[in-house]
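Geometric and topological summary
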Amino acid sequence: MKLGTLAGVNRNLAVYSDTEDAINIEGVIKTKFEVMLNRSDPKSSNSYLKLKRFEAERKMDPGRKIVITNKSHNNFKPSNVTRKQMFTTKAEKEEKLQNKRTRLDADAVESMILRAFKKYQYISQKNLVAITEQPEAYLKTFLHKMCVYNQKAPHKNTWELKPEYRYYESTETAGPSEES
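Residues numbered from 1 in each chain as written. Predicted model: local features only at pLDDT ≥ 70, side-chain atom pairs only at ≥ 80, totals over all residues. Heavy atoms only, no water.

1. What to know about the pairing of strand β3 (residues 23-28)
Our working rule: Strand pairing requires that DSSP identify at least two bridges connecting the strands. Comment: elements are numbered from the N terminus, with helices defined as DSSP H or I runs of at least four residues and strands as E runs of at least two.
In the sheet, strand β2 (residues 13-18) pairs with β3 via five bridges, with the strands oriented antiparallel. Across the sheet, the residue bridging to S17 is N24, located in β3. Count of turn residues in the β2/β3 antiparallel hairpin: four residues.

See the structure below:
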């Protein structure tokens, strides 16, 4: 966009755009305002120059400044330690280590799972972890191998032994036997 006068537009100022093909008039300026300094009056020229100098300095001035103080501030530095970790005692840490679950061998875990399923046909994973006292991830490997996970009612979110591991007959196949 350029500002200029065009011949044939009654000597008025117009805003026009210049492209490779042609010059297009974007609009016409109806009122023009020009500020002329009175160079003969030193008071007005000095005050105007001061005003312009002040505006230029204000534009160059950054919004935020660094201020150096001699006063020390007691701000806490961030750390990776949580509040709970800061106030735990040695005894609590040792107790936590003692309560950690340790993995038993595979045969022992399988027998514990079978014993649990002798008492209950459907058991939740949380209860199996409590009964066997094994880590949840380790126990889950055995559950996928030996059990079926029920996702529908009435035994939703519980485990049941696979047919090859069951000690009881399923209700579907059990029934009166017909012998003649």
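2. Some words on the pattern of salt bridges
The condition is simple: A pairing counts as a salt bridge when a side-chain nitrogen of Lys or Arg comes within 4 Å of a carboxyl oxygen of Asp or Glu. The classification of residues rests on relative accessible area computed with a 1.4 Å probe and restricted to protein chains. Under 20% of the type maximum is buried, over 50% is exposed, and intermediate values are partly exposed.
Applying the stated criterion across every chain, the model contains three salt bridges. A salt bridge links K52 to E55; the shortest N-O distance between them is 3.6 Å. Pair noted here: K52 and E55 are both in helix α1 (residues 42-60), with a separation of three residues, about one helical turn. Note that E160 is salt-bridged to R166, the shortest N-O span being 3.2 Å. By relative accessible area, which is 10% here, E160 ends up buried.

3. Quick look at the packing of helix α5 (residues 125-132) against helix α6 (residues 136-146)
To characterise two packed helices, one gives the angle between the axes of the helices and the distance between these axes. Using the following cut-off: The angle between two axes is taken between their N-to-C directions and runs from 0 to 180 degrees, where each axis is a line fitted to C-alpha atoms and a helix contributes only its stretch in contact. Reported orientations rely on four angle classes, namely roughly parallel under 35 degrees, roughly antiparallel over 145, roughly perpendicular from 65 to 115, and oblique for the rest. By definition in these notes, contact holds between two residues if any of their heavy atoms fall within 4.5 Å. Gly is put with the polar residues, along with every residue not named as nonpolar or charged; the nonpolar set is Ala, Val, Leu, Ile, Met, Phe, Trp, Tyr, Cys and Pro, and the charged set is Asp, Glu, Lys and Arg.
Relative to each other, α5 and α6 sit at 110 degrees, their axes nearing to 10 Å. As far as their axial angle goes, α6 and α5 are roughly perpendicular. Residues Q125, L128, V129 and T132 of α5 touch α6, and the partners they reach there are E136, L139, K140 and L143. Class assignment for the residues of the contact of α5 with α6 results in four nonpolar, two polar and two charged.

4. Thoughts on helix α4 (residues 106-119)
Our working definition: Here the expected length of a helix is defined as 1.5 Å per residue gap, with one fewer gap than residues. To obtain the arc, one takes the directions from the helix axis to the C-beta atoms.
Under the 1.5 Å per step criterion, the end-to-end length of α4 is 21 Å for 14 residues, consistent within 8% with the ideal 20 Å. When we look at burial in α4, the residues that qualify are V109, M112, I113, A116 and F117. End-on, the buried residues of α4 take up no more than an arc of 135 degrees, which puts them together on one face. Projecting away from the buried face of α4 at angles above 90 degrees are the exposed residues D107, R115 and K118. Of the surrounding secondary structure, the elements contacted by the buried residues of α4 are α5, α6, β4 (147-150) and β5 (158-161).

5. Notes on the packing of aromatic side chains
Where we set the bar: The rule is short: rings of Phe, Tyr and Trp, with Trp giving its six-membered ring, pair when the centres are within 6.5 Å, and they are stacked under 30 degrees, edge-to-face over 60, tilted in between.
Overall, the coordinates contain two aromatic pairs when judged by the stated rule. With 4.9 Å between their ring centres and 55 degrees between their planes, Y149 and W159 make a pair best called tilted. One end of the pair, Y149, is in strand β4; the other, W159, is in strand β5, with ten residues separating them in the sequence. In this structure Y149 comes out as partly exposed when scored by relative accessible area, which is 33%. The exposure class assigned to W159 is buried, which follows from its relative accessible area of 3%.

6. Some words on unusual backbone geometry
The residue after A153, namely P154, is reached through a cis peptide bond having omega 10 degrees. Positionally, P154 belongs in the loop between β4 and β5. Phi is positive for E133, close to 55 degrees, though the residue is something other than glycine. Of note, E133 is situated in the loop between α5 and α6. The phi angle at N157 is positive, at roughly 60 degrees, despite the residue not being glycine. Here N157 lies in the loop between β4 and β5.

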